[in-house]
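Take a look at the letters that make up each chain.
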Amino acid sequence: MTAIRIPQPMIRHRYWLIAILVLALTLRLIYGLSQDHAEPYGNMGGDSAWYLANGFALATGFERGNLEGYGTGQYPIALENLPTPPLYLLMIGFAQRLFSHENAIIAIRLIQAIMSAATCYFAYRLAATIANDERAGLITAGVLAISPALVMESAQIATETLYIFLVTGGLWLYVKPNFKDREAWRLIFVGVILGLATLTRAVLLLFPLGLALHLLMVYGLRKGLRQALILLIVYGLTVSTWTVYNLVRWDRWVIAGEGFAAFLYIGASDAGWQGPAAVDQSLGENLPDDPADQQERYTEGAQQIISSHPLGYVRRRVSELAEAYLQPHGTLFFSGESLRELALGWLRDDRSISGLFEITRGEAFWPKLSLYIFHYLGFIAGLIGMWLSRRQWRVTLPLIGFIAYTTLIHLVLTALPRYLFPNDVFWWIFAGVALWTATKSTRISTADTPSNQPLQHP
């Protein structure tokens, strides 16, 4: 019996990948475990305490009342009005059932560190598949492993880490090349994973329709329609579990989440996002208690603003979306004046070398600068990578589609850097392809120079 010999480069790539994933996990654990584990409970004005309190209530069956131990006093709970999907709430809720407050935060951050490191692996596989070379994947995974935004995000009590993990994993499985003989099972798994992603953040709700169109483009009408139906039926059944629960328990009709009308209103309003209390007050003091009536008020408010000044609405939406792309996610984790505002002020009023030096001495300048470098390099190189891989459209189109879908939906709904942050992983998947192509071209060019050619004797 002949032994199978594994090529030496493949072994080296495997070792590099293991090292990158260990580095990714280590950085996330160091950062996450060094944070204050009591702080998320005390920030009554932020999202963390809300997630923790409602997650504990959902996991324990505490449906209505004042929950002790959150913020500075009691936290009001009314699960029949819960506007968000349940998956992240259940994850952090069960962690709180098993452990004390601070130990639960440690457990959550540990789980999220593992998820974030796994996201680096999924991104590695996607970039390697597009470039047909594992070295492109190693570049992508290496950058994401040390990406400051991803490292810091894994320690936050927020939905982003779980959502990015599920979306990236689902799309990797969707384009996985060696599943050809088990297409039905592959699509079933993809439908379940993307359904869970939608039960984490409802904004993904319509994205699988784009994948169904992609299946029709790749496989034709007959086979493509059959596969699209498998994907959509499984996806719909997964998402419907939350709908059925709400109908049975609360006699309430909800698909994934109820925040779309509110985000539409916030996106139309001049004030933008200033917290839930400020948004409610902008609609008047007599906002209905019933969630369905509230959504109707938000929709009516948005329609009134848009119809009164449609061009202003379009200008506002484009401007907000552009600002959300220009501002890297993670800069708000640091105090001090915005780096972008400081740079614009220097260009407008100073333009001197000494003034530029003063900017570098600003609060948290270097961490903020690193966020800008990773954000803009990924965006620019990602666009180049999309163009270079245009012939691989069967693989790249779902990934480009996710970026386009996230961008377009936040052109209508409110746009913040945090909401666009899931795109960063996919920008870097294409950026890895572009950087590897540039490296390969440089090597070929160097090898062809006269200094590397043998001497020609007469």
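Report on the accompanying structure. (Residues numbered from 1 in each chain as written. Predicted model: local features only at pLDDT ≥ 70, side-chain atom pairs only at ≥ 80, totals over all residues. Heavy atoms only, no water.)

A few words on the packing of aromatic side chains. Counted under the stated rule, the structure contains 16 aromatic pairs. Considering the side-chain rings of W185 and F189, the 6.2 Å spacing of their centres and the 35° angle between planes classify their relative orientation as tilted. Remark: F189 and W185 occur in helix α9 (residues 183-198); sequence separation between them is four residues, near one turn of the helix. A relative accessible area of 52% means that W185 is categorised as exposed. Note on Y372 and Y376: the rings are 6.0 Å apart at their centroids and 10° apart in plane angle, and the pair reads as stacked. (Phe/Tyr/Trp six-rings, centres within 6.5 Å; stacked < 30°, edge-to-face > 60°. Helix = DSSP H or I, 4+ residues; strand = E, 2+ residues; numbered from the N terminus. Buried < 20%, exposed > 50% of the residue type's maximum accessible area, 1.4 Å probe, protein only.)

Right, let's get into the nonpolar core. In summary, soluble globular proteins display a tendency toward joint burial of nonpolar side chains. Counting residues in each nonpolar core, the largest one holds 95 residues, and the members touching the most others are I108, F426 and I429. Counting residues per element, this core draws most heavily on helix α5 (residues 101-131), which supplies 12 residues. With residues up to four places along the chain from it excluded, the contact list for I108 reads L52, Y88, M91, I92, A95 and I157. Y265, A268, Y298 and Y313 belong to the second largest nonpolar core, which has seven residues in total. (Core = buried A, V, L, I, M, F, W, Y, C linked by side-chain atoms within 4.5 Å. Contact = heavy atoms within 4.5 Å.)

Our focus in this paragraph is unusual backbone geometry. We note that N132 has phi near 55°; this positive angle belongs to a residue other than glycine. Backbone geometry at D251 places phi at a positive 55°, although glycine is not the residue there.

It is worth spelling out the environment of P83 at this point. Structurally, P83 is set in the loop between β2 (73-78) and α4 (87-98). For P83 and G257, which are 174 residues apart along the polypeptide, the C-alpha to C-alpha distance reads 5.5 Å. Apart from residues lying up to four places away in sequence, P83 is in contact with W50, R252, G257, E258 and G259.

Glancing now at empty space enclosed by the protein. Overall, the coordinates contain four cavities of 30 Å³ or more when judged by the stated rule. Surrounding the largest cavity, 16 residues form its lining, S147, F374, H375, D424 and W428 being those nearest its centre. Counting only elements with at least two residues in the lining of the largest cavity, the list comes to α7 (148-153), α17 (365-388) and α20 (422-447). Of the residues forming the lining of the largest cavity, the biggest block, five residues, is contributed by α17. Tallied by class, the residues present in the lining of the largest cavity amount to 11 nonpolar, four polar and one charged. (1 Å grid on protein atoms, 1.4 Å probe; cavity = no way out; pocket = protein on both sides within 12 Å on 5 of 7 lines; lining within 4 Å. Points joined across faces, edges and corners; volume = space filled by probe spheres on them. Nonpolar A, V, L, I, M, F, W, Y, C, P; charged D, E, K, R; others polar.)

Helix length check: α5, at 31 residues, gives a terminal C-alpha distance of 45 Å against a target of 45 Å (1.5 Å per residue), a fit within 8%. Where α5 ends, the next residue or the one after it, N132, has phi of about 55°, a positive value. (Expected span 1.5 Å × (residues − 1).)

So yeah, pure geometry; function would need other evidence.
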